[in-house]
Amino acid sequence: MTVINRRDWGARAPRGAYTTLTRTRGVKIHYTGDHVDPAIVDDHARCVAVVKSIQNHHMDNNGWIDIGYSMVVCPHRTVFQGRGAGHLPAANGAGLNSDHYAVLGLVGSSGLTRPPNNLLLGILDAIGYLREHGGAGSEIKGHRDGYGTDCPGDALYAWVKAGAPRPGASGASSTNWTETTVNQLPLLTPGDTGLHAKSCFYLLQARGYGRALNQATIDPNVYGPAVVAELRRFQADKGLDNDGMVGKATWPKLLGL
């Protein structure tokens, strides 16, 4: 794992004292929310410049004492120290920062939107670091979990929702994390229950379908008739066979891949 400390990436000094954290429930994953130049994949100096610009924005525009993230990860499997372990982040939203550290992956809403394998490995490195040095718990969530935002973007959030699986190192395998994850997902058929039924329920809502489904009357853990009907509509709109079953063709569409 490569961790660049604040001095080495040229961080500005914080304007005040950090609030101390000794333990959290886990980590929340973020993206930049704007354009990220794909050229950073081949030019690490650009990554450093992006991290500096984020710190400047947080301090000069948001009025924060420092960059809001605990760690920032670039596509070169490099982890930049932000506020670091043991310190309250600012990026998760009011009232949410004491529960989770904040880790930013350098992908955005345009340009570089799909996380390369080495960026995912770097995020896992950052999580491991925060667990070892900052008492981070086992949870790995997206910024949008509990906060009204698109962050960390559909592609990175799909990886988070899939359990943040460890991808092969770049060039080590012709199968990427997306293919590996989809191949491990089961065929979901009407009447099935459990975690994958629940995932289908919420993924439909995330894609703009099934918002009329009322959790007060419909159990998200059951892949029942109302959810199947919404899934069939989703499949038809995506040009899939609308058989109501969630298999290798439908899972990637639900995951936004």
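Scroll up a little and you will see the structure.
Residues numbered from 1 in each chain as written. Predicted model: local features only at pLDDT ≥ 70, side-chain atom pairs only at ≥ 80, totals over all residues. Heavy atoms only, no water.

A. Region of the structure containing the overall build of the chain. Secondary structure assignment for the chain yields eight helices and eight strands. In summary, the chain has a C-alpha radius of gyration of 19 Å against a globular reference of 18 Å for 257 residues, a match within 12%. Every one of the 257 residues in the chain was classed for burial, and the buried ones make up 46%. If you take every contact in the chain between residues at least 6 apart in sequence, the share linking residues at least 24 apart comes to 67%. For the chain, the distance from the average site of its 25 positive side-chain charges to the average site of its 21 negative ones is 4 Å. (Helix = DSSP H or I, 4+ residues; strand = E, 2+ residues; numbered from the N terminus. Rg over C-alpha atoms; globule rule 2.2 N^0.38 Å. Buried < 20%, exposed > 50% of the residue type's maximum accessible area, 1.4 Å probe, protein only. Contact = heavy atoms within 4.5 Å. Lys, Arg positive; Asp, Glu negative; His and termini not counted. Charge placed at Lys NZ, Arg CZ, Asp CG, Glu CD.)

B. The arrangement of empty space enclosed by the protein in detail. Within the structure shown, the criterion is met by one cavity of 30 Å³ or more. Taken together, Arg144, Asp154, Tyr157, Ala158, Lys161, Leu203, Ala206, Arg207 and Leu255 make up the full set of residues lining the largest cavity. Listing elements by their share of the lining of the largest cavity, those giving two or more residues are helix H4 (154-161) and helix H6 (195-206). If you tally residues by element for the lining of the largest cavity, the top one is H4, at four residues. Residue composition of the lining of the largest cavity, grouped by class: five nonpolar, no polar and four charged. (1 Å grid on protein atoms, 1.4 Å probe; cavity = no way out; pocket = protein on both sides within 12 Å on 5 of 7 lines; lining within 4 Å. Points joined across faces, edges and corners; volume = space filled by probe spheres on them. Nonpolar A, V, L, I, M, F, W, Y, C, P; charged D, E, K, R; others polar.)

C. How the structure looks around the pattern of salt bridges. Counted according to the given criterion, the structure contains 12 salt bridges. A single salt-bridge network, built from bridges that share partners, covers Arg12, Arg15 and Asp60. (Salt bridge = Lys/Arg side-chain N within 4 Å of Asp/Glu carboxyl O.)

D. The arrangement of the packing of H6 against helix H7 (residues 225-237) in detail. The contact between H6 and H7 brings their axes to 11 Å, and the two run at 50°. Taken together, H6 and H7 sit at an angle that is classed as oblique. Crossing of H6 over H7 shows left-handed handedness. Two secondary-structure elements touch here, H6 through Cys200, Phe201 and Leu204 and H7 through Val227, Glu230, Leu231 and Phe234. (Axes fitted to C-alpha atoms, helices over the stretch in contact; angles between N-to-C directions. Parallel < 35°, antiparallel > 145°, perpendicular 65-115°, else oblique. Left-handed = near helix turned anticlockwise from the far one by under 90°.)

E. Region of interest: the packing of aromatic side chains. Counted according to the given criterion, the structure contains two aromatic pairs. A ring pair is formed by Phe201 and Tyr202, whose centres lie 5.2 Å apart and whose planes are at 80°; its orientation type is edge-to-face. When the centroid spacing of 5.1 Å and the interplanar angle of 85° are considered together, the rings of Tyr209 and Phe234 count as edge-to-face. Taken together, the residues span a long stretch of sequence, with Tyr209 in the loop between H6 and H7 and Phe234 in helix H7 at a distance of 25 residues. Like Phe234, Tyr209 is buried. (Phe/Tyr/Trp six-rings, centres within 6.5 Å; stacked < 30°, edge-to-face > 60°.)

F. Layout of the nonpolar core. Counting 42 residues, the largest nonpolar core has Val103, Leu106 and Ile123 as its most contacted members. Secondary structure elements with two or more residues in this core: strand S2 (26-30), helix H2 (44-60), strand S4 (71-74), strand S5 (78-81), strand S6 (100-105), helix H3 (117-134) and H4. Here the element with the most residues in this core is H3; it accounts for eight residues. Excluding residues within four positions of it along the chain, Val103 makes contact with Val27, Lys28, Ile29, His30, Met71, Val73, Ile123, Ala126 and Leu130. Judged by nonpolar contacts, the second largest core, of 20 residues, contains Leu188, Val227, Leu231 and Leu255. (Core = buried A, V, L, I, M, F, W, Y, C linked by side-chain atoms within 4.5 Å.)

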